[in-house]
Amino acid sequence: MTLLTVRRDGEIAVVTLDNPPVNAISEAVRKELFEMVGQIDADPGLRAAVLICAGRTFLAGADVREFGKPPVEPHLPDVVDRIEAAEKPWVAAIHGAALGGGFEIAMGCRFRVAVESARVGLPEVTLGVIPGASGTVRTPRLAGVEAAVELVTSGRPLSAAKAQKAGLLDAVVSGDLESGAVAFARKALGADLPMPVSKRPLEQMPEEFWQGARKTASKAGHQAPLRALDSICFATEHGFSEAMAHERETFLDLRGSDEAAALRHVFFAERAAPKPAALKGIEPRPFKSVGVIGGGTMGAGIAGACREAGMEIILIERDAEAVARGLDNVGKIFDGAVKRGKISEEGRAERMAGVRGSSDYAELAQVDLVIEAVFEEIGVKRAVFAELGRVCRSDALLATNTSYLDPRAIAEGLPNPERFIGLHFFSPAHIMKLLEIVPTPDTAPDVLATGFALGRALNKMPVQAGICEGFIGNRILKRYRAEAEGLVLQGVAISEIDAAMRDYGFRMGPFEAQDLGGLDIAFLQREGARAAGREVAETLGDVLVRAGRKGQKTAGGWYDYAEGDRTPQPSAAVSELLGERISGSLDLPRSEIAERLVGAMAAEGQAILDEGIAQAPQDIDLVEVHGYGFPRWKGGPMFAVAAS
Ligand code: NAI
């Protein structure tokens, strides 16, 4: 044995697995565990075993290197069965996370104990599969059908306290886990042992329960949660081994599905993105204290996100009144967190105590990082950076949150331009995961590395983008909208286009999304470009805005809205306004509409790659999935088109 070591504590064997970094369940781990059960059973001096892990976590799940590859023996279900069938009972001692196969191994054990900070869960559906080693069969026997359905179909892990309440854990220990687990095992040996999980009875649920659960599971948009639910349902109606065979079959079927491949693609892209290989070994600069310029929509969100990550914030606005408004905006973000039960009132007060407002730039003399989020006007932004150049430390990072302006123009004349960078957050900035990081040709490598380190600290998905209008995301959005308008011009109904994209997996189609956000934002940006002398073609959106139709806020945009109702209604007024421009009566199936629009996104993505604006196709996919609602289970436009 090279990964497992055994220490004797009286009649208890403490079996420690050490397979860094996360004790993933590799082929070798499965083999050694399988054999270890026999060795312990054969030792007359032993009466029980505690399974514990070295390093930062319990078995955190399958080995990602084996993802998508044909399974190799011994298969995990056999290992779990072997542990459960042991003559000497096993106790799983959990710290960190027991996820997926890791939790299935824990369910093979006769008991499960964990430290308070541990999490347990079956996240397989997030990778487009279902648990493959009894997760859908043992969990309902261990915790009841309802808890099993929630755990398996949502894929969301539970805290130790919640898991204990649900019956997934027998005990939560405070203090040292190993001695706590050994003490637990010793005590358990003094009483009757509970039945192995696979032998426990299963409750039957009424049909209404399954109907409700199906409705919830279908909201995910892809098939894995529904198939997981079916597998649990099957388990309630059949014997253990029949249910196991059914689960395995479903697992293997889904493993080869397009959705699982897409979800794996996004999973791997997400793992790689926050730590680009090119920045390896480059030390980021500190960002303990942060100045945020502008306390509007974006500034308040950025301040809230940075404060939540523990940074000290100074919010700069134009005058005392605007300062108060800006602080109020930040306060509202934390109010929302209190309302949702995420933080307490004291937590809110503690956070707000770390956000200071001022209209005096001199307050920024010592901060590590400044993020500018003032009006999208080059003159205003330049004036801000001129001021920052005067008052800030020469090594303080200076960042702009501009959406469309050229960061090089914003930074013109700035002393020490190597510390300047674009950090493009998405609205609402305290929620949206995407962060486009836009270096200029002057940006120093450690400043770029700091952008990524900040992204990680804020729990965001940082993606590097080059300089062009709209960077990666907004540039693709523009092309997507243009393609959608192109279809309208050929006679495809606006509502059909939206429905096609909803069918594809977006929460909203391109036109209803514009109605929600307001058509005027992109209009003003185009008008700005026109005013600057650039040639920008008139869009259908421009026609609507000029007619006063800015979206839901004006009771109409691409659709009409009845008062107090957000349901889009096809609009006769829009047909009239656009009427003479529409020159066809194209009738496309929805799948083809989606194919064309996703194809346009991918074509723009390819141009972005060719120009070096994006570093890799998967970065473009991450931008779309995390910033623009592209369905994760389609993998992003680059993946979707390459796979089709
Ligand atoms: P906003 O209008 O809500 O807020 C701008 C704030 O900046 C106002 O509170 C204003 O008083 C303040 N301000 C203006 N000049 C100032 C100065 N000289 N010193 C200090 N404060 C000043 O605008 P929003 O939406 O927050 O946008 C800000 C920036 O973020 C823009 O560059 C915009 O393009 C960018 N952005 C906006 C997104 C959005 O969805 N709203 C998304 C991503 C970026």
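Remember, predicted model here, so these are calculated numbers, not experimental data. (Residues numbered from 1 in each chain as written. Predicted model: local features only at pLDDT ≥ 70, side-chain atom pairs only at ≥ 80, totals over all residues. Heavy atoms only, no water.)

1. Comments concerning the overall build of the protein
Where we set the bar: Helix numbering and strand numbering both begin at the N terminus, where a helix is a DSSP run of H or I of at least 4 residues and a strand a DSSP run of E of at least 2. Both definitions apply: the radius of gyration is a C-alpha atom measure, and the globule rule equals 2.2 Å times residues to the power 0.38. Categorising residues by exposure relies on relative accessible area from a 1.4 Å probe, with only protein chains included: less than 20% of the type maximum marks a residue as buried, more than 50% marks it as exposed, and the intermediate range marks it as partly exposed. Any two residues whose heavy atoms approach within 4.5 Å at even a single point are treated as in contact.
Assigned secondary structure in the protein consists of 26 helices and 19 strands. Its C-alpha atoms give the protein a radius of gyration of 28 Å, within 12% of the compact-globule value 26 Å for 644 residues. Looking at the protein residue by residue over its 644 residues, the buried ones come to 54%. The contacts in the protein between residues at least 6 apart in sequence include a share of 71% that link residues at least 24 apart.

2. Considering the nonpolar core
In a soluble, globular protein the nonpolar side chains are often hidden away together inside. Operational definition: The set of buried Ala, Val, Leu, Ile, Met, Phe, Trp, Tyr and Cys residues whose side-chain atoms join them within 4.5 Å is what this entry labels a nonpolar core.
If you look at the biggest cluster of nonpolar residues, it comprises 83 residues, and the most contacted ones within it are Trp 90 and Ile 94. Grouped together as the second largest cluster of nonpolar side chains are 56 residues, Phe 471, Phe 506, Leu 578 and Ala 614 included.

3. What to know about the pairing of strand E17 (residues 461-464)
Formally: Crossover handedness is defined here as right-handed if the route from the first strand over the helix to the second strand goes clockwise, with the strands pointing away from the viewer.
Alternating positions in E17 separate into two faces, Met 461 and Val 463 on one and Pro 462 and Gln 464 on the other, with burial throughout. The β-α-β motif built from strand E16 (residues 434-439), the intervening helix H17 (residues 445-457) and the parallel element E17 has right-handed crossover chirality.

4. Comments concerning the domain arrangement of the protein
Rules: All domain edges in this entry derive from an automatic or database-based domain assignment.
Along its sequence, the protein is carved into domain 1 (4-256), domain 2 (280-464) and domain 3 (473-612). Centre-to-centre, using C-alpha coordinates, domain 1 lies 43 Å away from domain 2.

5. Things to note about the site of the ligand
The criterion, for reference: Only a single heavy atom is needed: when it lies within 4 Å of a molecule or strand, its residue is near that molecule or strand. Polar contacts, as counted here, are pairs of nitrogen or oxygen atoms within 3.5 Å of one another; within protein the pair requires one atom able to donate a hydrogen and one able to accept it, and residues that are adjacent in sequence qualify only if both atoms are side-chain atoms. Accessible surface area values rest on a Shrake-Rupley calculation with a 1.4 Å probe, where residue burial reflects the displayed protein chains alone. The nonpolar class holds Ala, Val, Leu, Ile, Met, Phe, Trp, Tyr, Cys and Pro. Asp, Glu, Lys and Arg form the charged class, and all remaining residues, Gly among them, are polar.
What surrounds the ligand is a group of 23 residues, the closest being Met 298, Glu 317, Glu 376, Lys 381 and Asn 401. At a separation of 3.0 Å, an oxygen atom of the ligand approaches a polar backbone atom of Thr 297. In the environment of the ligand, an oxygen atom lies 3.4 Å from a nitrogen or oxygen atom belonging to the backbone of Val 374. When the ligand is considered free in solution it has 830 Å² of accessible area, and contact with the protein chains removes 78% of it. Broken down by secondary-structure element, the contributors of at least two residues to the shell around the ligand are helix H12 (297-308), helix H15 (378-391) and strand E15 (420-425). Broken down by class, the residue content of the shell around the ligand amounts to 10 nonpolar, nine polar and four charged.

6. Focus on the sheet that holds strand E10 (residues 289-293)
The test is simple: For two strands to count as paired, DSSP must find a minimum of two bridges between them. Only the stretch in contact is used when fitting a helix axis, every axis being a line fitted to C-alpha atoms; angles between N-to-C directions are given from 0 to 180 degrees.
Sheet architecture is open: eight strands sit in the order E12-E11-E10-E13-E14-E15-E16-E17, paired in mixed fashion. Edge positions in the sheet fall to strand E12 (355-358) and E17, since each has one partner strand and no second. Across the sheet, the mean angle separating the axes of adjacent strands is 25° when strand polarity is ignored. Helix-sheet contacts for helix H25 (residues 617-627) involve E16 and E17, and the interaxial angle to E17 is about 140°.

7. Things to note about unusual backbone geometry
Note that the residue after Pro 20, namely Pro 21, is joined by a cis bond; omega there is 0°. Tracing the backbone shows Pro 21 in the loop between strand E2 (12-17) and helix H1 (27-42). Across the junction of Glu 73 and Pro 74, the peptide omega takes the value -5°, indicating a cis bond. Positionally, Pro 74 belongs in the loop between strand E3 (48-53) and helix H2 (76-84). Backbone geometry at Asn 23 places phi at a positive 55°, although glycine is not the residue there. Mapped onto the secondary structure, Asn 23 falls in the loop between E2 and H1. Take Asn 23: its relative accessible area is 1%, and that puts it in the buried class. At Asn 459, a position not held by glycine, the phi torsion is positive, near 60°. Looking at where Asn 459 falls in the secondary structure, it is placed in the loop between H17 and E17. Exposure remark for Asn 459: the relative accessible area of 56% places this residue in the exposed category.

8. As for the pattern of salt bridges
Heads up, the condition is: Think of a salt bridge as a Lys or Arg side-chain nitrogen and an Asp or Glu carboxyl oxygen that are within 4 Å of each other.
For the structure shown, the criterion picks out 46 salt bridges. Between Arg 408 and Asp 406 there is a salt bridge, with the nearest N and O atoms lying 2.8 Å from each other. Note that Arg 534 and Glu 469 form a salt bridge whose closest N and O atoms lie 2.3 Å from each other. With a gap of 65 residues between them, Arg 534 in the loop between helix H21 (520-531) and helix H22 (540-546) and Glu 469 in the loop between E17 and helix H18 (473-489) connect regions that are remote in the sequence. Ionic contacts of the salt-bridge type, sharing partners, join the residues Arg 526, Glu 527, Arg 530, Glu 538, Asp 542 and Arg 546 into one network.

9. So, the UniProt feature "domain: 3-hydroxyacyl-CoA dehydrogenase NAD binding" (unreviewed entry) in the protein
Short version of the rule: UniProt positions are given in the numbering used here, feature names are shortened, and annotations may be inferred rather than shown by experiment.
Listed under "domain: 3-hydroxyacyl-CoA dehydrogenase NAD binding" (unreviewed entry) in the UniProt record, and renumbered for this structure, are residues 290-465. Measuring from the first to the last C-alpha atom of residues 290-465 gives 23 Å, for a span that is 41% helix and 21% strand.

10. Some details on the sheet that holds strand E8 (residues 158-159)
The strand order across the open sheet built from three strands is E5-E7-E8, with neighbouring strands paired in mixed fashion. Here the strands that pair on one side only, and so sit at the sheet edges, are strand E5 (97-99) and E8. Together, E5 and strand E7 (119-121) form the strand contacts of helix H3 (residues 101-108), whose direction differs from that of E5 by roughly 90°.

11. Considering the packing of aromatic side chains
Operational definition: Note on aromatic pairs: the rings of Phe, Tyr and Trp (six-membered ring only in Trp) are paired at centre separations within 6.5 Å, and the planes decide the class, stacked below 30 degrees, edge-to-face beyond 60, tilted for the rest.
Across all of its chains, the model carries 10 aromatic pairs by this definition. A centroid spacing of 5.3 Å and a plane angle of 70° characterise the contact between Phe 111 and Phe 184, whose relative ring orientation is edge-to-face. Residue Phe 111 is found in strand E6 (residues 111-115), and its partner Phe 184 is found in helix H7 (residues 177-189); the two are separated by 73 residues along the sequence. The exposure class of Phe 111 is buried, given its relative accessible area of 9%. Between Phe 426 and Tyr 628 the ring centres are 5.7 Å apart and the planes differ by 80°, which places this aromatic pair in the edge-to-face class.

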